[in-house]
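Each chain, letter by letter, is given below.
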Amino acid sequence: MADRKGGIAAPIKRLVGKTLRFLGVLVAAYLLVVVAAVWVAGDGDYQGRLHETVVNDITELNPVPMGRVATPRSVEDIVAAIKSSSGPISIGGGRFSMGGQTAIDNGLQLDMREFDEVVAFDAGKREITVQSGISWRELQEYIDPHDLSVKIMQTYANFSVGGSLSVNVHGRYIGHGPIISSVKSVQLVLADGSVVTASREENPELFFAAIGGYGGIGVIADVTLGLAVNQKVGRQTRTMPVTEYGEHFAANIRDNKQVIFHNADMYPPAFEVVRDVSWYVTDDDVTIDDRLIATDDSYWLLPKMINFSSSGDFGKWTRKAIIDPLYYAFDRVAWRNWEASYDVRELGEGDRSEKTWVLQEYFIPVENFDSFVPKMRDIFNKHEVDVVNISIRHALPDPDSYLSWARNEVFAFVVYHSQGTTAEDRQRVGIWTREMTDAIISENGAYYLPYQPHATVDQFRAAYPNADRYFAVKRRVDPDNRFRNKLWQKYYPTKRSEVREYLDSLDGYRKGEEQTFLTVPEWYLVFNPNEYADFLADGNNPSDFPFWQSIDEYWSLYDRVNALSAGLYPQNSEYQTMLWVIGVSTTAEFVAKGVYENTIGRLTRWMASEDTPEDRLIQEAHAAYGELIHYEPWYVFPFADYAGRIWTDTPFFGKNFIRKLERKLMFTGEFAFKALYAKAIGFGSQATYGPSEGFVTMHVVGDTQRVAATDPGVEVVRDFGDGDLVITAPRWGGFTEVMPKLAEAGVRLVEINGNDEIVFSTVGAETSSAVPVHARLLFKSMVISPEGMERSVYVVRVEHLADSLSSLASNDVHLEHIFDF
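Residues numbered from 1 in each chain as written. Predicted model: local features only at pLDDT ≥ 70, side-chain atom pairs only at ≥ 80, totals over all residues. Heavy atoms only, no water.

What exactly am I supposed to notice about the overall build of the protein chain here?
Along the protein chain, the regular secondary structure elements total 24 helices and 27 strands. Across its three principal directions, the C-alpha atoms of the protein chain cover 110 × 80 × 45 Å. Scored against the burial criterion, the 821 residues of the protein chain give a buried share of 55%. When contacts within the protein chain are restricted to residue pairs at least 6 apart in sequence, long-range pairs at least 24 apart make up 75% of them. Of the roughly 35,800 Å² of accessible surface on the protein chain, a fraction of 54% belongs to carbon and sulfur atoms. A gap of 4 Å separates the mean positions of the 79 positive and 112 negative side-chain charges of the protein chain. (Helix = DSSP H or I, 4+ residues; strand = E, 2+ residues; numbered from the N terminus. Buried < 20%, exposed > 50% of the residue type's maximum accessible area, 1.4 Å probe, protein only. Contact = heavy atoms within 4.5 Å. Areas by Shrake-Rupley, 256 points an atom, 1.4 Å probe, with all protein chains shown as cover. Lys, Arg positive; Asp, Glu negative; His and termini not counted. Charge placed at Lys NZ, Arg CZ, Asp CG, Glu CD.)

Here it is, written out as structure tokens:
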């Protein structure tokens, strides 16, 4: 009996083994097809650009699309550029600021780097007049043969003279304050095209507003500077506890006429030890023959040291205990001009897409040094800020400039730190920066404005209490606020400042503008089910649906929107990962359906003479799904209910039984799996993101009653008078339905969730070439059903969206979707 059982069991075992191996091969083949489909599909060669001209700064954190860039070479060129334009104007030099201070969206930028001639020079009077676009290095090369030196400048010589004046720089110079003290006069080109001279004696209000005015008053054209004698200087260093530094500086450095340059490096992460690095006038022979640092010097070591120091506490300890002691162990004697000719390349060049290096600077009255340092230390350590170095400098008071950062004698804390580039990284930096700004203000100090503008308007006002004097001059000479940039967009008070402050106070108001682009492939997975439902409703064979082309279309849209948004917006890795995940899962689904429908599905359709009740219910389910996901997340769809209905709402037996049974089994398997998958995704989404915010917030201009009457989903949140309203509207499909109604009601849009550009799509005949007014075509996209139609994807400035929507009727196309944030 046992032998009989064993004899029967062996063939069964072999059959089961072969079946499992076959299934394994089948699954492996399926996975290979999915991987191949993801790999091959898409439009990797897409070369579209969102903006022709984009201006960025050294951090690569602040790309700003420009309408036009002009490169003046003369004062007449500057005047002509201003008079030939009507919109906002920004001014750029070396582009070493770090918060958009040289650019404004879709405006005119004056790129001053070719405005770089020496206008006049008097060696005997130690005076030079230059065009403002000249770099300090070029100026140094001109005056060095005359044994003259720049009196005050920042550490790096790449900067433009005009840019340095616009931020009122300082350096490591002892016995001086900001650069304004070395400026004799400036020539300004104002918003009306007039050219004026400003000095302490002539137009002093323009002089004190323009220097340190960040390009808000006018264009600094010619600059007359006082010069100093070029001397030999020798380096001396000393380390000490930070608690002894204030006394050491007062006793040995502050009033020592022999000290030309001085800074003290404070070592992270403990911030308890500083190294005094001072350069004294000397008669010793130089140890460096070059009078200026060679422009072709190799800068490979210091960037690597910065990277190493940024790699963790061990790197920071190594720098403090080994690298710096070795570096400073040797005597060095150089010319003053050599020590003032550093190149910013020594800080490193290369990829900053995921991590970048940024400066901040804090100005603290000298008497408050000891009380500020512990506050600074605690904030850095609390937020685990990756500080590479803190360089302490000194500046005498600047009582005259309207945006003076040195109202008293101050120590300057120049903080060099690394940060990530994602939106979340920037938010984290903003949190600790505002906390640091409060600490600075508590010590009667100020923070420096050339860097990221994280401070609130109230903090800006507290740090710069004379800002109203500056704003009064600006309103007089630039009444239309033409000279502006990202800094003044935030802090310059306009009639809409109250609206701006209110919107900025709303938690979660600002959404990443990149999402209007990144949502396009996601919404394709909304359009595609609708097209599938229409395809079935027209009586087509499900086996003829272009599943393969649908896969390719998703990945093509994915490639295109990533290409368009790359480099223009913070990296949104979370959203891009989500798009990749749903793309892979959709690819897997469509591969399976494509194979199934073109084998078993095509066979049972051939055997059936007509659509079965199951076919019609499947079409109904896809139509309902396509309708729901315009307004709600896909995972709330009742997949399980429809999987049950195909058994309860259609007879089991009947005509075309094989097709009926096959459709029942196929649909049940598909929707039962989706029901489980939706439950898991819905749970994960709620746990990760919480309840979805179901509305879009907008700043609009219109009549309160007319706006409120446009749609029940529109709510006027706040009326600021003069037509300025903050309103909310539904998201997703509801947003697309509401916006044309607002346009018809004459509402003008100002911004949507903090953004000034938005994407929308239309569907029209393939032969149509019309483009909605003010919109720019990004690309075309396939429409499966109805035949002969094509999707067009456009970008438009928010302020022009209403006009674009109103023009659609005359273009014989219909609005498909507006991609909110």
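What is the right way to read the side chain of aspartate 265 from this model?
Checked against the element boundaries, aspartate 265 lands in strand β13 (residues 259-266). Exposure remark for aspartate 265: the relative accessible area of 7% places this residue in the buried category. Within the structure, the side chain of aspartate 265 is placed 3.1 Å from the side chain of asparagine 263, a separation counted as a polar contact. (Polar contact = N/O pair within 3.5 Å; in protein donor to acceptor, adjacent residues only side chain to side chain.)

What exactly am I supposed to notice about the nonpolar core here?
Here is a general trend for soluble globular proteins: nonpolar side chains tend to be buried in one another's company. Among the nonpolar cores identified, the biggest contains 120 residues, and Val186, Met266, Tyr362, Phe380, Phe413, Phe460 and Trp488 are the most heavily contacted of them. It is strand β18 (residues 410-420) that provides the largest number of residues to this core, a total of seven residues. In contact with phenylalanine 460, other than residues within four places in its own chain, are Leu403, Tyr447, Leu449, Ala467, Phe471, Trp488 and Tyr491. If you look at the next biggest cluster of nonpolar residues, it comprises 59 residues, including Val34, Leu50, Trp523 and Tyr569. (Core = buried A, V, L, I, M, F, W, Y, C linked by side-chain atoms within 4.5 Å.)

How should I be thinking about the sheet that holds strand β14 (residues 273-281) in this particular structure?
Working definition: the strands of a sheet are paired by backbone hydrogen bonds and lie parallel or antiparallel to each other. Reading across from one edge, β15-β12-β14-β13-β17-β18-β16-β19 is the order of the eight strands in this open sheet, with antiparallel pairing throughout. Of all the strands in the sheet, the pair left with one neighbour each is β15 (333-335) and β19 (446-447). Taken together, the two bridges between strand β16 (residues 355-365) and β19 define a ladder with antiparallel strand orientation. Following the sheet pairing, tyrosine 362 is matched in β19 by tyrosine 447. Together, β12 (232-241), β13, β14, β17 (386-395) and β18 form the strand contacts of helix α6 (residues 242-252), whose direction differs from that of β12 by roughly 145°. This element, helix α8 (residues 313-327), spans β12, β13, β14 and β17 of the sheet and lies at about 50° to β17. (Pairing = 2+ DSSP bridges. Axes fitted to C-alpha atoms, helices over the stretch in contact; angles between N-to-C directions.)

What's the story with the pattern of salt bridges in this structure? I'm lost.
A side chain with one charge can pair with a side chain of the opposite charge if their charged atoms come near. If you walk through the whole model with that rule in mind, you get 48 salt bridges. Across the pair arginine 605 and aspartate 611 runs a salt bridge, and its minimum N-O distance is 2.6 Å. You can call arginine 605 buried: its relative accessible area is 19%. Among the salt bridges present, the one from lysine 780 reaches glutamate 790, with a minimum N-O distance of 3.8 Å. Taken as a pair, lysine 780 in strand β25 (residues 776-782) and glutamate 790 in strand β26 (residues 789-797) lie far apart in primary sequence, ten residues in all. Judged by its relative accessible area of 31%, lysine 780 is partly exposed. Of the residues examined, glutamate 790 reaches a relative accessible area of 22% and is grouped as partly exposed. (Salt bridge = Lys/Arg side-chain N within 4 Å of Asp/Glu carboxyl O.)

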